[in-house]
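So you can see what is in the structure, the chains are spelled out below.
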Amino acid sequence: MRDPRFALEPLGKQHHRAAFSCGVAALDRYLQEQAGQEMRRHVAVVYVLVELSTAAIAGFYTLSATGIDVGALPEDFTRRLPRYPRLPAALIGRLAVDRGFRGQGIGKGLLLDALARSYHLSRRIGALAVVVDAKDDAARRFYEHFGFRRLADDANRLFLEMATVAGLDLPEPS
Ligand SMILES: CC(C)(COP(=O)(O)OP(=O)(O)OC[C@H]1O[C@@H](n2cnc3c(N)ncnc32)[C@H](O)[C@@H]1OP(=O)(O)O)[C@@H](O)C(=O)NCCC(=O)NCCS
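Right, let's walk through the structure included here. (Residues numbered from 1 in each chain as written. Predicted model: local features only at pLDDT ≥ 70, side-chain atom pairs only at ≥ 80, totals over all residues. Heavy atoms only, no water.)

## Remarks on the overall build of the chain
The line we're drawing: Think of it this way: any DSSP run of H or I at least four residues long counts as a helix, any run of E at least two long counts as a strand, and we number them from the N terminus. Each radius of gyration is computed over the set of C-alpha atoms, and the globule rule expresses the reference value as 2.2 Å times the number of residues to the power 0.38. Relative accessibility under 20% of the residue-type maximum defines a buried residue, over 50% an exposed one, and the middle range a partly exposed one, all with a 1.4 Å probe and only protein chains included. The contact criterion used is simple: two residues touch if any of their non-hydrogen atoms lie within 4.5 Å. Here, Shrake-Rupley sampling with a 1.4 Å probe gives the accessible areas, and only protein chains in the shown set may cover a residue. Positive charge is attributed to Lys and Arg, negative charge to Asp and Glu, and no charge count is given to His or to the chain ends. In this description, the location of a charge corresponds to atom NZ of lysine, CZ of arginine, CG of aspartate or CD of glutamate.
Assigned secondary structure in the chain consists of five helices and seven strands. Reading the chain from its N terminus to its C terminus gives the helix and strand order β-α-β-β-α-β-α-β-α-β-β-α. For 174 residues, the compact-globule estimate of 2.2 N^0.38 gives 16 Å, and the chain sits close to it at 16 Å. A principal-axis box enclosing the C-alpha atoms of the chain has dimensions of 50 × 35 × 30 Å. For the chain, with 174 residues in total, the buried portion stands at 47%. Within the chain, contacts between residues at least 6 apart in sequence are counted, and of these 68% link residues at least 24 apart. By element, 51% of the accessible surface of the chain is carried by carbon and sulfur atoms, the whole surface being about 9300 Å². Considering the chain, the positive charge centre built from 24 side chains and the negative charge centre built from 20 side chains are found 2 Å apart.

## Some details on the pairing of strand E3 (residues 57-69)
Keep this limit in mind: Here a strand pair is declared whenever DSSP counts at least two bridges between the two strands.
Extensive coverage of E3 is indicated by the burial of ten of its 13 residues. As defined by bridge partners, strand E2 (residues 45-51) adjoins E3 across six bridges and the pair is classed as antiparallel. For Val46, the partnering residue across the bridge sits in E3 and is Thr62. The antiparallel hairpin formed by E2 and E3 contains five residues in its connecting segment, where Ala55 sits at a positive phi of about 65°.

## A short note on the packing of aromatic side chains
Here is the rule we go by: A pair of Phe, Tyr and Trp rings is counted when the ring centres sit within 6.5 Å of each other, with Trp represented by its six-membered ring. The angle between the planes then sorts it: under 30 degrees is stacked, over 60 is edge-to-face, the rest tilted. Lysine and arginine charges are scored as sitting over a ring when NZ or CZ, respectively, is within 6 Å of the ring centre and within 35 degrees of the ring normal.
Applying the stated criterion to the full structure yields eight aromatic pairs. Taking 5.8 Å as the distance between ring centres and 5° as the angle between the ring planes, the aromatic pair formed by Phe77 and Phe159 counts as stacked. Remark: Phe159 occurs in strand E7 (residues 154-161) and Phe77 occurs in helix H2 (residues 75-78); sequence separation between them is 82 residues. Across this residue pair, the class does not change: Phe77 and Phe159 are buried. Here the aromatic residues Phe142, Tyr143, Phe146 and Phe148 are joined through ring pairs into a cluster of three or more. If you follow Arg94 out to its NZ or CZ, it ends over the ring of Tyr30, 3.8 Å from the centre. Taking NZ or CZ as reference, Arg117 lies 4.1 Å from the ring centre of Tyr47, over its face.

## A look at the side chain of Ser64
Put simply, the test is: Nitrogen and oxygen atoms within 3.5 Å of one another constitute a polar contact, given that in protein one can donate a hydrogen and the other can accept it, and given that sequence-neighbouring residues count only through two side-chain atoms.
Relative to the helices and strands, Ser64 is located in strand E3. Polar side-chain contacts of Ser64 include one of 2.8 Å to the backbone oxygen of Val43. The contacts of Ser64, once residues within four sequence positions are left out, are Val43, Ala44, Ala89, Ala90 and Leu91.

## Notes on the site of the ligand
Put simply, the test is: A molecule or strand has a residue near it when one of that residue's heavy atoms lies within 4 Å. In this classification, Asp, Glu, Lys and Arg are treated as charged, Ala, Val, Leu, Ile, Met, Phe, Trp, Tyr, Cys and Pro as nonpolar, and every other residue, Gly included, as polar.
Near the ligand, the surroundings consist of 22 residues, among which Leu95, Val97, Gly105, Gly107 and Lys108 are the closest. Between an oxygen atom of the ligand and a side-chain N or O atom of His145, the distance comes to 2.9 Å. Protein chains bury 73% of the 920 Å² of accessible surface belonging to the ligand in isolation. Broken down by secondary-structure element, the contributors of at least two residues to the shell around the ligand are strand E4 (86-97), helix H3 (106-121) and helix H4 (137-145). The dominant element in the shell around the ligand, judged by the number of residues it contributes, is H4, at six residues. Taken together, the residues of the shell around the ligand break down into twelve nonpolar, five polar and five charged.

## Some details on the pairing of E2
Buried residues dominate E2, accounting for six of its seven residues. Of the strand pairs in this sheet, strand E1 (residues 6-10) and E2 are connected by five bridges, and their pairing is antiparallel. Residue pairing in the sheet places Phe6 in a bridge with Glu51 of E2.

Given below as structure tokens:
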């Protein structure tokens, strides 16, 4: 994200998590109680978007490595791939925007940052798609709005081909 009002940083002890409220209790709880532990255990990297004038967390997303069962991908995609049972991908496990910051393009900015980061990492460690976990129908529609397609084995898991992300020509995040 290139908005000078905000800084995107890996989650640390200095961040004020208690006030974060996105309207989905499980996501708030995740940030407040679980995210730090997942960072320490290398399960996920949590990126928080901080409003510089208030130090409030406007949003966050998580990034991890994952695998996709080849049978969950559509034929038009797997036709061009080697016949491995599982294929490597980047996972945006969670993404949320605080209610006070909704409708200003922040969700889109976080998603594009996560896609850019995934793409640039995929130049160093293979990942042929970006996968997202949508918590409910509204979240699924948000991702479908950006071209994500559903995986066959889980209605709330969606993917976007890395080749499509590459075509967006997104700058490398710092
Ligand atoms: C979904 C969420 C991240 C959107 O954040 P936001 O900052 O309000 O969204 P933005 O302002 O960046 O919207 C970007 C675009 O997505 C669209 N959009 C936003 N929410 C949408 C939804 N639920 N369904 C379809 N499109 C949606 C906007 O209309 C906008 O479209 P445009 O670029 O064509 O104008 C936010 O509502 C949220 O945190 N929800 C609760 C947690 C959640 O569901 N997380 C996702 C799954 S874990």
